[in-house]
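Reading the structure
Okay, here's what each chain looks like letter by letter:
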Amino acid sequence: MVDKDILQHICTAIETPDPDETVKAVEKAVDFGVAPLEIVGALTDGITTLGDKFERMECFLPELILGADAMDVSMKLLKPKIEELNLETGPAGTVVISNIQGDIHDIGRDIVVTMLRVAGYQVEDMGHDVKPNLMIDKALECDADIIAVSTLLTTSLPFAREVLRLLDARGLSGKFKVVMGGGAVTPEYCEEIGAGYGDNAAAAVKLVKELIDGGDSK
Ligand code: B12
């Protein structure tokens, strides 16, 4: 079986969703030496399609949860492989990240965290459903360069904006760069509120690198 078929199999298994088949397909891909980031790409395509079906009411929450479980177990398998990549040693830099208040979609943030760590950054991962003020407190506590906000929920977007408003209100404007990503966020939204935007984990690393290397992150 060539890589393309293996990746298609992963995509179909998670889209179904069939967690056991997904994990088997991922293990097979790893055994065949398929690049871990390509496997993550296939998993992401599959779960995105599942989310689209959910939106069209062609599937329901239990299926979404099954898909998330499949993704979760697969990522646990892949994480050590991704960490082995050690893509590059980034400059010293610290990123505070969370899913903002109301949002518990961990999967994408988790991938971003892994990729940032692989690229050499210190990452303070605060998990999900985190209040904007707590992110700012953490950034101050660890003298961070960047506050990274993830949200997939439109209803959590106001809390993302709140990070910028609170920085201003606390006299901290410009102390930290703020970057955002996740399905609910758009480049236009980020431009409007003055945050950086990245649409995937690789873009997140690029963005953080640019902001820190640019020398004006603090
Ligand atoms: C899996 C999933 C779930 C799982 C989450 C499990 C978990 N532990 O994460 C469960 C089943 C729990 C769930 C619950 C819900 N979900 Co849901 N879910 C999804 C689904 C199918 C996939 C999300 C995912 O993991 N994608 C794969 C990852 C790899 O991609 P990603 O998260 O986008 O992350 C990448 C990029 O966005 C980027 N990125 C992410 N964060 C950041 C941060 C920065 C700084 C940067 C630069 C980049 C970046 O890099 C990541 C890696 O490449 C999406 C559909 C979709 N199209 O996104 C719906 C979706 C997000 N869910 C949705 C909804 C409505 C819900 C519920 C409200 C359903 C309900 N009725 O209860 C709840 C809300 C729970 C909550 N309070 O957060 C809607 C949101 C609609 C909206 N715009 O508000 C979506 C879009 C489905 C849909 N089409 O309707 N969900």
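Up top you'll find the structure we're talking about.
Below, the structure is looked at part by part. Predicted model only: the values in this text are computed from it and were never measured.

Within the protein, the secondary structure is distributed over 9 helices and 5 strands. When the helices and strands of the protein are listed from N to C terminus, the series reads α-α-α-α-β-α-β-α-β-α-β-α-β-α. Once the C-alpha set of the protein is aligned to its principal axes, its extents read approximately 55 × 40 × 25 Å. A total of 218 residues make up the protein; the buried ones form 43% of that total. Pairs at least 24 apart in sequence give 74% of the contacts found in the protein among residues at least 6 apart.

A few words now on the nonpolar core. Ranked by internal contacts, the top residues of the largest apolar core, which has 39 residues, are Ile10, Ile39, Leu43, Leu78 and Leu116. Only helix 1 (3-15), helix 2 (19-31), helix 3 (36-55), helix 4 (61-85), strand 1 (94-99), helix 5 (106-118), strand 3 (146-150) and helix 9 (201-213) provide two or more residues apiece to this core. Per-element tally for this core: the top contributor is helix 9, with 7 residues. A domain split of this core shows at least three residues from each of domain 1 (3-85) and domain 2 (94-213). Beyond its immediate chain neighbours, meaning those up to four positions away, Leu78 contacts Val26, Val30, Pro36, Ile39, Val40 and Leu43.

If you check the protein contacts of the cobalt atom of the ligand, you find one donor only, His105 (NE2), at 2.3 Å. Mapped onto the elements of the fold, His105 is located in the loop between strand 1 and helix 5.

Turning to the site of the ligand, a few remarks are in order. The immediate surroundings of the ligand are formed by 34 residues, with Ile104, His105, Asp106, Ser150 and Thr154 found nearest. Within the contact set of the ligand, a nitrogen atom lies 2.9 Å away from a backbone nitrogen or oxygen of Gly102. Counting only elements with at least two residues in the shell around the ligand, the list comes to helix 3, helix 4, helix 5, strand 3, strand 4 (177-181) and helix 9. In terms of residues, the shell around the ligand owes the most to one element, helix 3, which gives 6 residues. Here the shell around the ligand spans two domains, and each of domain 1 (3-85) and domain 2 (94-213) adds at least three residues to it.

Looking now at the pairing of strand 3. Counting buried residues along strand 3, 5 of its 5 residues qualify, which places the element largely inside the surrounding structure. Here strand 3 shows two buried faces, one formed by Ile146, Ala148 and Ser150 and the other by Ile147 and Val149. In terms of strand pairing, strand 3 meets strand 4 through 5 bridges, oriented parallel. Paired with Ile147 across the bridge in strand 4 is Val178.

The rules behind the values
- Residues numbered from 1 in each chain as written.
- Predicted model: local features only at pLDDT ≥ 70, side-chain atom pairs only at ≥ 80, totals over all residues.
- Heavy atoms only, no water.
- Helix = DSSP H or I, 4+ residues; strand = E, 2+ residues; numbered from the N terminus.
- Buried < 20%, exposed > 50% of the residue type's maximum accessible area, 1.4 Å probe, protein only.
- Contact = heavy atoms within 4.5 Å.
- Core = buried A, V, L, I, M, F, W, Y, C linked by side-chain atoms within 4.5 Å.
- Domains from an automatic or database assignment.
- Donors = N, O, S within 2.8 Å, 3.2 Å for Na, K, Ca; no water.
- Near = heavy atom within 4 Å.
- Polar contact = N/O pair within 3.5 Å; in protein donor to acceptor, adjacent residues only side chain to side chain.
- Pairing = 2+ DSSP bridges.

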